[in-house]
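Structural description and commentary
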Amino acid sequence: MVINLHNVSFKYGNMNVIQKITTDFKPGELVSLVGPNGAGKTTLLKLLSGILKPSSGKIYIYDQLSYNLTPKNRAIWVSMVPQNPKLPDEISISDFVMLGRNPHLGLLQWESKEDFNIALESMFLTEIDYLSKRKLGEISGGEKQRAMLALAITQQSPIMLLDEPTSNLDISHQMKVMKIIKKIHEQKSEFGVTVLAIHDLNIAAQFSDRILLFSKGSIAADGTPKEVLTKNNIKSIYGSEVTIITHPEHGTPVILP
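Thresholds, definitions, all that
- Residues numbered from 1 in each chain as written.
- Predicted model: local features only at pLDDT ≥ 70, side-chain atom pairs only at ≥ 80, totals over all residues.
- Heavy atoms only, no water.
- Core = buried A, V, L, I, M, F, W, Y, C linked by side-chain atoms within 4.5 Å.
- Buried < 20%, exposed > 50% of the residue type's maximum accessible area, 1.4 Å probe, protein only.
- Helix = DSSP H or I, 4+ residues; strand = E, 2+ residues; numbered from the N terminus.
- Contact = heavy atoms within 4.5 Å.
- Pairing = 2+ DSSP bridges.
- Expected span 1.5 Å × (residues − 1).
- Arc of directions from axis to C-beta.

**Here we look at the nonpolar core**
By size, the foremost hydrophobic cluster in this structure holds 45 residues, and its most contacted members are Ile-93, Ile-128 and Ile-181. Here the element with the most residues in this core is helix α5 (residues 141-155); it accounts for seven residues. Leave out the neighbours within four places in its chain, and Ile-128 touches Ile-93, Val-97, Met-123, Glu-143, Arg-146, Ala-147 and Ala-150. Listed in part, the 29 residues of the second largest apolar core include Ile-3, Phe-25, Met-80 and Leu-212.

This is the structure in structure tokens:
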């Protein structure tokens, strides 16, 4: 397994946010975490990335206890794109994206031509290459979102964790970014996994191999999009009556209010 969680719980003060989750993520999976706001999706990503430590239970990354990993090894194995991060306004886009190469460099080692080429390709993929000389403080929220994704791609970690990667994006860029994520995932699918927290059920259905449906810090359903995104599950977790049809091109469920 790439990631294994055993009886993992997490509390903010006295509030249980994640409750006794046991699951694993296999090589080659693109997994979406879905559920209402406050269900625990972002907290689980932070636990997987090492930003947070479980209140109880254990997380294994490639069979090693997560909290035993050095920061360098963690960065080589895991990249994280948070939602609405605080970014330094004065750094240029190109320098920011190049930070993704830091885990691969020695203490006094400078970036090589290959490192610069990897960063440049990532900026082309995310369509921010024309912004390379601009500063982060001079671009829009959607452009910052793509810059964060470019940094994660540049990092070349087999595990990619993405928190609402399509937020702040218009419909056109939402689909472009998801296709980029799918393409990058397929390139590392033999040994890596992509996990994303996402609120749009239709995007999750179209692009995911597997969906975990969260409710109050627990996994309420786990399976393929067709298995998880059912009328009964959506009514039970979201409290909404919906109609579900089959996508004419992809064969995935499409949820209609």
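**Looking at the sheet that holds strand β4 (residues 56-61)**
Taken together, four strands build an open sheet; the order of strands is β2-β1-β4-β5 and the sheet is antiparallel. Only two strands of the sheet have a single partner each, and these edge strands are β2 (15-25) and β5 (64-65).

**What to know about the pairing of strand β1 (residues 3-12)**
Alignment of β1 against β2, held across seven bridges, turns out to be antiparallel. Residue pairing in the sheet places Leu-5 in a bridge with Thr-23 of β2. The hairpin turn running from β1 into β2, its antiparallel successor, is two residues long, and Gly-13 in that turn takes a positive phi close to 65°. Direction of pairing for β1 relative to β4: antiparallel, over a ladder of five bridges. Its bridge partner lying in β4, Ile-3 is registered against Ile-61.

**Quick look at the pairing of strand β8 (residues 193-197)**
Counting buried residues in β8 gives five out of five residues, a clear majority hidden from the surface. Side-chain alternation along β8 places Val-193, Val-195 and Ala-197 on one buried face and Thr-194 and Leu-196 on a second face that is also buried. Of the pairings in the sheet, the one linking strand β7 (residues 159-163) to β8 comprises five bridges and is parallel in character. The partner of Asp-163 across the bridge, within β8, is Ala-197.

**Quick notes on helix α6 (residues 171-187)**
Helical geometry: 3.6 residues make up each α-helical turn, so side chains three or four residues apart lie on a common side. Under the 1.5 Å per step criterion, the end-to-end length of α6 is 25 Å for 17 residues, consistent within 8% with the ideal 24 Å. All of the buried residues along α6 are His-173, Gln-174, Val-177, Met-178, Ile-180, Ile-181, Ile-184 and His-185. Across the axial projection of α6, the buried residues extend over an arc of 155°, all falling on one side. Along α6, the residues that are exposed and aim more than 90 degrees away from the buried face are Ile-171, Lys-179 and Gln-187.

Remember that the coordinates give geometry; whether it matters functionally is a separate question.
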